[in-house]
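# Fold and geometry: a report
Below are the chains, spelled out letter by letter.
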Amino acid sequence: MADTWQQMLDTIATEARYTASMTGRTQFSEAVMQAMSEVDRSAFVPAVNREQAYDNGPLPIGNGQTISQPYIVALMTDLLELTPDSVVLEVGTGSGYQAAVLAQLARQVYSLERIPELAEVARKRFADLGVTNIEVRCANGCDGWQEKAPFDGIIVTAAASEIPPALIEQLGPGGRLVIPVGPPCSYQELLQVTREPSGDIHRRRILGVAFVPLINDQKYE
Ligand code: SAH
């Protein structure tokens, strides 16, 4: 039986409790849970998968890519610790679901996607949903988005073999980068990288995850 939206929210809360010893949080912030209850995941999955839209699993979105599982979306969002003033960079727009969740919590979201078709579909979705604080650009996210930096939060939704240096450089003081790091097509480690106000970089391992690879090829425009 497919889950309902409410069951999806309950599962996120249960998973948050189960993983508390790894993540350091027994629950996600009220604001994050509110955002998860406001953005309809079914609007971001292909029509054939709509029935499973609220199941706590990844789903295909075309072009060999996937929309992440809802618990991971909530966890990564929580780890960014956004405020209503935050400016966030996402690498890997995909369906646009994660960006739409971020857009509920932050002032402005910039999102980079290397596949033009996905970037275009996501842009159209945001327009249809009336979301106006997300800008999507088709470009290699490994270079970040220099013109819009520094960012209060950077989230990478594809697995990097190592942290792209540009992303660390574009992180503002006190900012957080949440990124899965590890070999492609295997398990990776979700990292929370913080730039302390002093400038020091602090890395924390959160837990094991499985993401599609971050592809570091050249220009797309
Ligand atoms: N955040 C997405 C999940 C996307 S899956 C969602 O909510 O649906 C990861 C995405 O990263 C894919 O769409 C893939 O095309 C994109 N990607 C991979 N390497 C990239 C790169 N170097 N720059 C930008 N996007 C990249």
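Refer to the structure presented above.
Residues numbered from 1 in each chain as written. Predicted model: local features only at pLDDT ≥ 70, side-chain atom pairs only at ≥ 80, totals over all residues. Heavy atoms only, no water.

## Here's the deal with the pattern of salt bridges
What counts here: Any Lys or Arg side-chain nitrogen found within 4 Å of a carboxyl oxygen on Asp or Glu counts as a salt bridge. Only DSSP runs of H or I with at least four residues qualify as helices, and only runs of E with at least two residues qualify as strands; both kinds are numbered from the N terminus onward. Type-normalised accessible area, obtained with a 1.4 Å probe on protein chains alone, sets the label of each residue: buried when under 20%, exposed when over 50%, and partly exposed for intermediate values.
Here the structure, examined in full by the defined rule, presents eight salt bridges. One salt bridge connects Glu-189 with Arg-205, and the closest N-O pair in it is separated by 3.1 Å. One end of the pair, Glu-189, is in strand β8 (residues 188-195); the other, Arg-205, is in strand β9 (residues 201-209), with 16 residues separating them in the sequence. On the basis of relative accessibility, which here comes to 32%, the residue Glu-189 falls in the partly exposed class.

## What about unusual backbone geometry?
Between Ala-149 and Pro-150 the backbone carries a cis peptide bond, its omega angle lying at 0°. Along the polypeptide, Pro-150 turns up in the loop between β5 (134-138) and β6 (151-156). Positive phi values are uncommon outside glycine, yet Asn-63 reaches one of about 55°. Looking at Asn-63, the relative accessible area reads 43%, which means it is partly exposed. Of note, Glu-81 is a non-glycine position whose phi angle comes to about 50°, a positive value. Turning to its location among the elements, Glu-81 is positioned in the loop between α4 (70-80) and β3 (87-91).

## Considering the packing of aromatic side chains
Just so we agree on the cut-off: Centre distance within 6.5 Å is the pairing criterion for rings of Phe, Tyr and Trp, where only the six-membered ring of Trp is used; planes under 30 degrees apart are then read as stacked, over 60 as edge-to-face, and the remainder as tilted. Note on criteria: charge over ring means Lys NZ or Arg CZ within 6 Å of the ring centre, with the direction from the centre no more than 35 degrees off the ring normal.
If you walk through the whole model with that rule in mind, you get five aromatic pairs. A centroid spacing of 5.6 Å and a plane angle of 5° characterise the contact between Trp-5 and Tyr-54, whose relative ring orientation is stacked. You can see Trp-5 sitting in helix α1 (residues 5-18) and its partner Tyr-54 sitting in the loop between α3 (30-38) and β1 (59-62), a full 49 residues away along the chain. According to the relative accessible area criterion, Tyr-54 is buried, its value standing at 14%. Every member of this aromatic cluster is reached through a ring pair, and the members are Tyr-110, Trp-145 and Phe-151. Looking at Arg-41, its charged tip hangs above the ring of Tyr-97, at a distance of 5.9 Å from the centre. Taking NZ or CZ as reference, Arg-137 lies 5.3 Å from the ring centre of Trp-145, over its face.

## Overview of the site of the ligand
As a reminder of what qualifies: Throughout, near means a residue has at least one heavy atom within 4 Å of the molecule or strand. Pairs of N or O atoms within 3.5 Å make up the polar contacts considered here, provided that, within protein, one atom can donate a hydrogen while the other can accept it, and that residues adjacent in sequence are counted only when both atoms are side-chain atoms. To measure how exposed things are, a 1.4 Å probe is used in the Shrake-Rupley method; for residues, cover is taken only from the protein chains shown.
If you check the shell around the ligand, you find 26 residues, and the closest are Gly-92, Ser-95, Glu-113, Gly-141 and Ile-215. In this structure, Glu-90 approaches the ligand through a side-chain N or O atom, which is 3.0 Å from a nitrogen atom. Interatomic distance of 2.6 Å between a side-chain N/O atom of Ser-95 and an oxygen atom of the ligand. Bound to the protein, the ligand loses 99% of the 580 Å² it would expose on its own. Only β2 (65-67), α5 (97-105) and β4 (108-113) provide two or more residues apiece to the shell around the ligand. It is β2 that contributes the most residues to the shell around the ligand, three residues altogether.

## Describing the environment of Asn-216
Rules: Pairs of residues are marked as contacts when any of their non-hydrogen atoms sit within 4.5 Å.
You can see Asn-216 is positioned in the segment after β9. The class of Asn-216 is exposed, set by a relative accessible area of 53%. On a C-alpha basis, the gap between Asn-216 and Cys-142 in space is 6.3 Å, while along the polypeptide they are 74 residues apart. If we skip the residues at most four places from it in the chain, Asn-216 touches Asn-140 and Cys-142.

What is shown is where atoms sit, not what they do.
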